[in-house]
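# Structure at a glance
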Amino acid sequence: MGELLVVLVGNLLTMIDMTELFGARRRRARAAASARGERVSVPCVLRSEELTEGRERRGWIAVGEGPATWRTPGGEPEPFEPGELTMQAVDRQAVTFHSAGGRTELRLHPDEASLVLRALAG
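Residues numbered from 1 in each chain as written. Predicted model: local features only at pLDDT ≥ 70, side-chain atom pairs only at ≥ 80, totals over all residues. Heavy atoms only, no water.

### Points about the pairing of strand 2 (residues 56-63)
Each regular strand carries side chains that alternate between the two faces of the sheet. For clarity, the cut-off: When DSSP locates at least two bridges between a pair of strands, those strands are taken to pair. Per the convention used, a helix needs a DSSP run of H or I reaching at least four residues, while a strand needs a run of E reaching at least two, with both numbered from the N terminus.
Both strand 1 (residues 40-48) and strand 2 contribute to a ladder of 8 bridges, which runs antiparallel. Among the inter-strand pairings, arginine 47 is bridged to a residue of strand 2, identified as glutamate 56. Relative to strand 3 (residues 69-71), strand 2 runs antiparallel, the two being bridged by 3 bridges. Following the sheet pairing, alanine 62 is matched in strand 3 by threonine 69. Counting the residues in the hairpin turn of strand 2 and strand 3 gives 5 residues, including glycine 64, whose phi is positive at 135°.

### Re the pattern of salt bridges
Basically, it comes down to this: Each salt bridge in this description consists of a side-chain nitrogen of Lys or Arg and a carboxyl oxygen of Asp or Glu lying within 4 Å of one another. We call a residue buried when its accessible area falls under 20% of the maximum for its residue type, exposed when it is over 50%, and partly exposed in between, using a 1.4 Å probe and counting protein chains only.
Applying the stated criterion to the full structure yields 8 salt bridges. For arginine 30, the salt bridge is made with glutamate 112, and the minimal N-O distance between the two is 2.5 Å. With arginine 30 in helix 2 (residues 18-35) and glutamate 112 in helix 4 (residues 110-121), this pair connects stretches of sequence that are 82 residues apart. Considered together, arginine 30 and glutamate 112 belong to a single accessibility category, that of buried residues. The salt bridge partner of arginine 107 is glutamate 56, with a shortest N-O separation of 3.0 Å. With arginine 107 in strand 7 (residues 104-108) and glutamate 56 in strand 2, this residue pair connects regions lying 51 residues apart in the sequence.

Okay, here's the thing in structure tokens:
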């Protein structure tokens, strides 16, 4: 009986997506901080002619008090003003937005899309 329980628990643990589990906790913490009026940095992937030389780069968009900024690991924050964004694709892991003219592509987790879009619009 004990062996069966160990096998069952082992199989259940392999089915749990730990990255998603801990990512959800961090997303909830960012949402709560934003609701308190704090500035938060949202992880994303950006492709922009101006900010990333047209290549996809991982980084963060900081939103909250003050203008939105884009930052890569080890980089300095730069102003992020993509203009109007249109949703292009969405799935469980990411939502993709394009700017008018397609000069900017922004991908981020669907749970945080509204947070970023509200900050960019206002």
